[in-house]
Amino acid sequence: MQYQWYPGHMFKTKKQMQEDIRFIDVILELVDARIPYSSKNPEIDKLATNKSRVLLFNKEDMADPKATDRWSRYYEERGYVTARLNSKSGSGVGQIQEKIKQACHEKLERDRRRGILNRPLRAMIVGIPNVGKSTFINSFAGKACTKTGNKPGVTKGKQWIRLNKTVELLDTPGILWPKFEDQRVGQNIAFIGSINDDILNPTELAYELCKFLSKRYPDSLKEKYEVTENTNALVMLEQIAQKRACRKKGGDLDLERAAILLLDDFRNAKIRKITLELPEDILNENSKGENQKEDQ
């Protein structure tokens, strides 16, 4: 299954961001803590040259906390200020103001030396669809200042939001990038629901999730569904269908229904706290790519 999705409005959004970014002091990028690499848009890195960066691990309550520790260190070693939060509950949101100041400390010091003391910092909030950006803004601002939803594409256009005397926030629609060079990145994004499910095959996606869980979290499906199989993805999904009475008329197992159930349970953290990727996965892949180039 190929994972691609790049509606036309995303091209327009990127072009608008290129125009707006010169007015920005700091970029707040929201990533899903379950996929901190796959949900981080590489196009933003190209646009954000020489800008202060704050990386926000949203939905951290759904992710493996030990894995989040490793990702925080990984990105902080690369110059990011990081923070963990659950924008839905508001947990961790109170620290963001200080994180913005921390990321912009050099600019604030330059302004102080020039006698500029009251100009608010201008921040741009970015993130791929369905990562929780609008909910974060509402929580950060303390009021429902943007429309929120649980499906991609709710935020349609840019808007400036005055949060307080020290921070102004530019909201933008969520954007993906034109092509996933690594289909596993696309797969991870599909797992969390940032690609419209209508263009995906839920059964194939559930097979891949079963394969991953059997390797990284081998007891997770047993704990949740009493699955005894731990290697064959098809058998695992069949057992989930049996345990959850997913059957078609006539009594045959309904694997598509079981697949949708599994994906929904994963997306809502009803299986356990799971992170789909680790820093060493990325480092190993990059090392392989470099070795292949040398061999050529």
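Preceding this section is the structure that the text describes.
Residues numbered from 1 in each chain as written. Predicted model: local features only at pLDDT ≥ 70, side-chain atom pairs only at ≥ 80, totals over all residues. Heavy atoms only, no water.

*Asks:* Go over the packing of helix H7 (residues 183–192) against helix H8 (residues 202–216) with me, naming the residues and quoting the values.
*Replies:* Between H7 and H8, whose axes approach to 11 Å, the crossing angle comes to 105°. In terms of orientation, H7 and H8 fall into the roughly perpendicular class. On H8, the residues touching Gln187, Ala190 and Phe191 of H7 are Leu205, Glu208 and Leu209. The class makeup of the residues in the contact of H7 with H8 is four nonpolar, one polar and one charged. (Axes fitted to C-alpha atoms, helices over the stretch in contact; angles between N-to-C directions. Helix = DSSP H or I, 4+ residues; strand = E, 2+ residues; numbered from the N terminus. Parallel < 35°, antiparallel > 145°, perpendicular 65-115°, else oblique. Contact = heavy atoms within 4.5 Å. Nonpolar A, V, L, I, M, F, W, Y, C, P; charged D, E, K, R; others polar.)

*Asks:* For the pairing of strand S3 (residues 81–84), give the residues involved together with the corresponding values.
*Replies:* Inspection of the sheet shows strand S2 (residues 52–58) paired to S3 by four bridges, in the parallel sense. The partner of Phe57 across the bridge, within S3, is Arg84. (Pairing = 2+ DSSP bridges.)

*Asks:* Describe the packing of aromatic side chains, and please don't skip the residues or the numbers.
*Replies:* Tallied over the full model, the rule gives seven aromatic pairs. Measuring from centroid to centroid gives 5.2 Å for Trp71 and Tyr74, while their planes differ by 80°, and the two rings are edge-to-face. With a gap of three residues between them, Trp71 and Tyr74 both fall in helix H3 (residues 65–76), about one helical turn apart. For Trp71, a relative accessible area of 0% corresponds to the buried category. Residue classification places Tyr74 among the buried residues on the basis of a relative accessible area of 10%. Through successive ring pairs, a cluster of aromatic residues spans Phe57, Trp71, Tyr74, Tyr75 and Tyr80. A cation over an aromatic ring shows up here: Arg78 above the ring of Tyr74, its NZ or CZ 3.7 Å from the ring centre. (Phe/Tyr/Trp six-rings, centres within 6.5 Å; stacked < 30°, edge-to-face > 60°. Buried < 20%, exposed > 50% of the residue type's maximum accessible area, 1.4 Å probe, protein only. Lys NZ or Arg CZ within 6 Å of the ring centre and 35° of its normal.)

*Asks:* Go over the packing of helix H10 (residues 233–243) against helix H11 (residues 255–267), please, and point to the residues and values.
*Replies:* Running from amino to carboxyl end, H10 crosses H11 at an angle of 90°, the nearest separation of the two axes being 9 Å. The angle between H10 and H11 places the two elements in the roughly perpendicular class. Along the contact surface, H10 presents Leu234, Leu237, Glu238, Ile240 and Ala241, while H11 presents Leu255, Ala258, Ala259, Leu261 and Leu262. Residue composition of the contact of H10 with H11, grouped by class: nine nonpolar, no polar and one charged.

*Asks:* Give me the pattern of salt bridges: which residues, what numbers.
*Replies:* Counting across every chain of the model gives 21 salt bridges. Note that Arg53 is salt-bridged to Glu29, the shortest N-O span being 3.1 Å. With Arg53 in strand S2 and Glu29 in strand S1 (residues 26–32), this residue pair connects regions lying 24 residues apart in the sequence. A residue is classified by how much of its surface remains accessible, and Glu29, at 1% relative accessible area, is buried. One salt bridge connects Asp281 with Arg216, and the closest N-O pair in it is separated by 2.7 Å. A residue pair is termed long-range when its members are at least 10 positions apart, and Asp281 in helix H12 (residues 279–295) and Arg216 in helix H8 qualify at 65 residues. Members of the salt-bridge network, linked through shared partners, are Asp25, Lys107, Asp111 and Arg119. (Salt bridge = Lys/Arg side-chain N within 4 Å of Asp/Glu carboxyl O.)

*Asks:* Summarise the pairing of strand S6 (residues 167–171); cite the residues concerned and give the values.
*Replies:* Two faces make up the sheet, and in a regular strand the side chains alternate between them. With five of its five residues buried, S6 lies for the most part within the structure. Across the two faces of S6 the burial is the same, with Val167, Leu169 and Asp171 and Glu168 and Leu170 all buried. The sheet contact formed by strand S4 (residues 121–126) and S6 spans five bridges and is parallel. Bridging from a neighbouring strand, Met124 pairs with Leu170 of S6. Sheet topology places strand S5 (residues 159–162) next to S6; four bridges connect them, and they run antiparallel. Its bridge partner lying in S6, Arg162 is registered against Glu168. The antiparallel hairpin formed by S5 and S6 contains four residues in its connecting segment.

*Asks:* Explain H8 residue by residue, including any values.
*Replies:* The first and last C-alpha atoms of H8 sit 21 Å apart over 15 residues, in line with the 21 Å expected at 1.5 Å per residue. Contacts made by the buried residues of H8 are with H7, helix H9 (220–225), H10 and H11. Regarding H8, its N-cap is Asn201, as a side-chain oxygen of that residue lies 3.0 Å from the backbone nitrogen of Thr203 further along. (Expected span 1.5 Å × (residues − 1). Polar contact = N/O pair within 3.5 Å; in protein donor to acceptor, adjacent residues only side chain to side chain.)

*Asks:* Please provide a residue-by-residue account of unusual backbone geometry, values included.
*Replies:* Within the chain, Lys59 stands out as a residue other than glycine whose phi angle is a positive 60°. Counting through the fold element by element, Lys59 comes out in the loop between S2 and H3. Positive phi, close to 55°, is recorded for Ala269, a residue that is not glycine. Take Ala269: it is sitting in the loop between H11 and H12.

Everything listed here is a matter of geometry and, on its own, says nothing about what the molecule does.
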